[in-house]
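Chain by chain, the residues:
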Amino acid sequence: MVSFDRVAIIGLGLIGSSLTRAITDKGQASSVFGFDGSEAVRAEARDIKGFGAEITDTLEEAVSNADLVIMAVPVGAVGALAEELCPYLKEGAILSDVGSVKKSIIDAVLPHLPETCYFVPGHPVAGTEYSGPKAGFSTLFEGRWCILTPLPNTPRSEVEKVSNLWAGLGSDVEEMDAEHHDIVLAITSHIPHLIAYNIVGTAADLEEVTSSEVIKYSAGGFRDFTRIAASDPVMWRDVFMNNKDAVLEMLGRFTEDLTQLQRHIRRGDAKALEDLFTRTREIRRSIVEAGQETEKPDFGR
Ligand code: NAP
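Not measured: the values here are computed from a predicted model.

Rules behind the numbers
Residues numbered from 1 in each chain as written. Predicted model: local features only at pLDDT ≥ 70, side-chain atom pairs only at ≥ 80, totals over all residues. Heavy atoms only, no water. Near = heavy atom within 4 Å. Polar contact = N/O pair within 3.5 Å; in protein donor to acceptor, adjacent residues only side chain to side chain. Areas by Shrake-Rupley, 256 points an atom, 1.4 Å probe, with all protein chains shown as cover. Nonpolar A, V, L, I, M, F, W, Y, C, P; charged D, E, K, R; others polar. Core = buried A, V, L, I, M, F, W, Y, C linked by side-chain atoms within 4.5 Å. Buried < 20%, exposed > 50% of the residue type's maximum accessible area, 1.4 Å probe, protein only. Helix = DSSP H or I, 4+ residues; strand = E, 2+ residues; numbered from the N terminus. Domains from an automatic or database assignment. Contact = heavy atoms within 4.5 Å. Phe/Tyr/Trp six-rings, centres within 6.5 Å; stacked < 30°, edge-to-face > 60°. Expected span 1.5 Å × (residues − 1). Pairing = 2+ DSSP bridges. Salt bridge = Lys/Arg side-chain N within 4 Å of Asp/Glu carboxyl O. Axes fitted to C-alpha atoms, helices over the stretch in contact; angles between N-to-C directions. Parallel < 35°, antiparallel > 145°, perpendicular 65-115°, else oblique. Left-handed = near helix turned anticlockwise from the far one by under 90°.

Draft legend 1. Spotlight on the site of the ligand. Surrounding the ligand, one finds 26 residues, the nearest of these being Leu-14, Ile-15, Asp-36, Val-73 and Ser-100. At 2.7 Å, a backbone N or O of Val-73 approaches an oxygen atom of the ligand. In this structure, an oxygen atom belonging to the ligand sits 2.6 Å away from a side-chain N or O atom of Ser-100. When the ligand sits alone it has 900 Å² of accessible area, and the protein chains cover 79% of it. Of the residues assigned to the shell around the ligand, the class counts are 14 nonpolar, 11 polar and 1 charged.

Structure representation (structure tokens):
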């Protein structure tokens, strides 16, 4: 069933181009328009077979007459984009986004939102380490969570329209408030990325171990961190710039636990180490059981 008549996707990278493909493939809109600030990205998107959207040359052409506009640009670019596109929104239109941080995006968008329009913030918890229009694929959101962080004064009918769209793309939809979202994602996504960036950076700077040895023996665990550390630098710069408080809070907890681990190793406390590693193995099992990962290597990435 069609969720919206006309949808516009702004920003045609990994997430935006997966949305154009998925919305079209799954018949969630009568028409899909796409726009990207980069002329090169627009040209690349036009050349992709089955891209799923008509690419416009201007933001105005994409947004005018759209019933739903989804901003799929880096978190730090959302405020300026909202300022630019809001004057083109038609009465009753819904504006949404896919940003990995929610509170700062709401603060950046609301001052520009016309009174006759609605903002329903969203975050699909799905992605890969690749960027750009060629990286997108229509099944990216299937079986993944999409978190909506609606504002208390937004009519339920408008929130449900967005929720139905994501459900139509195969996602499981959950709602929570923006602050809670930012804390949950700090520990489940932002800190793991920070750790990966840090460990890969540390290995690159080591004097005693050559870089060819790091690469040669990477299957020992390092390789899995490099996949995460290959994620888009601009996207992740913006995540840390815009989710400072929650990340610093979680990082404080993480550092305390790491110091405790250091102590266990120094004191030779084998039992404490084994207890922790047994507990963490159980968490991995629960993730597999919840369908968020399979035992297969590289599943869903
Ligand atoms: P991406 O592949 O880098 O694509 C972003 C695109 O937006 C680029 O083509 C960029 O063009 C364009 N853009 C930037 N500013 C713009 C503007 N003002 N107007 C129009 N287009 C503009 O990034 P992505 O991975 O799709 O991420 C997009 C959003 O999804 C981010 O907010 C991110 O937090 C969120 N997200 C990402 C993932 C993931 O795993 N990647 C998962 C969930 C959510 P230029 O390159 O020329 O600037």
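Draft legend 2. How the structure looks around the nonpolar core. Residues Ile-10, Val-69, Met-71, Leu-85, Leu-89, Leu-95 and Phe-119 are the most contacted members of the largest nonpolar core, which totals 37 residues. Broken down by element, this core gets its largest block of residues, 4 residues, from helix 4 (residues 78–85). For this core, the domains that each give at least three residues are domain 1 (4–176) and domain 2 (180–268). With sequence-adjacent residues up to four places away left out, Met-71 is seen in contact with Ile-10, Val-78, Leu-81, Ala-82, Leu-85, Leu-95, Ser-96, Asp-97, Val-98, Val-109 and Phe-119. In terms of nonpolar packing, the next biggest core, distinct from the first, is built from 34 residues, Leu-12, Ala-53, Ala-126 and Val-159 among them.

Draft legend 3. Looking closely at the packing of aromatic side chains. Under the criterion given, the structure shown has 2 aromatic pairs. Their ring planes at 40° and their centres at 6.0 Å tell us that Trp-236 and Phe-240 sit as a pair that is tilted. Of this pair, Trp-236 and Phe-240 both sit in helix 10 (residues 233–242), separated by 4 residues, roughly a single helical turn. Both residues of the pair, Trp-236 and Phe-240, belong to the buried class.

Draft legend 4. Examining helix 11 (residues 244–267) more closely. Counted at 1.5 Å a residue, the expected span for helix 11 with its 24 residues is 34 Å, and the 34 Å between its end C-alpha atoms agrees. Every buried residue of helix 11 is accounted for by Ala-246, Val-247, Met-250 and His-264. Contacts made by the buried residues of helix 11 are with helix 7 (178–205), helix 10 and helix 12 (270–289). Looking one or two residues past helix 11, Gly-268 carries a phi angle of roughly 70°, positive in sign.

Draft legend 5. Spotlight on the sheet that holds strand 3 (residues 54–55). A sheet is described by the order of its strands in space; here 6 strands give the open sequence 3-2-1-4-5-6, paired in parallel fashion. Pairing within the sheet leaves two strands with one partner each, and these edge strands are strand 3 and strand 6 (118–120). Here strand 1 (residues 4–10) runs beside strand 4 (residues 68–71); their pairing, made up of 4 bridges, is parallel. Following the sheet pairing, Val-7 is matched in strand 4 by Leu-68.

Draft legend 6. Highlighting unusual backbone geometry. One non-glycine residue, Asn-65, lies in positive phi territory at about 75°. For Asn-65, a relative accessible area of 48% gives the class partly exposed.

Draft legend 7. Structural context of the pattern of salt bridges. Inspection of every chain in the model, using the stated rule, returns 14 salt bridges. For Arg-237, the salt bridge is made with Asp-238, and the minimal N-O distance between the two is 3.0 Å. Three or more residues are tied together by salt bridges with common partners; here these are Arg-156, Glu-160 and Glu-175.

Draft legend 8. Structural detail: the packing of helix 7 against helix 10. Relative orientation of the contacting elements helix 7 and helix 10 amounts to 120°, with a least axis distance of 11 Å. Taken together, the axis directions place helix 7 and helix 10 in an arrangement best described as oblique. In this structure, helix 7 meets helix 10 at a crossing whose hand is left-handed. Listed contacts from helix 10 to Ser-189, His-190, His-193, Leu-194 and Tyr-197 of helix 7 are Trp-236, Val-239 and Phe-240. Looking at the contact of helix 7 with helix 10 residue by residue, the class counts come to 5 nonpolar, 3 polar and no charged.

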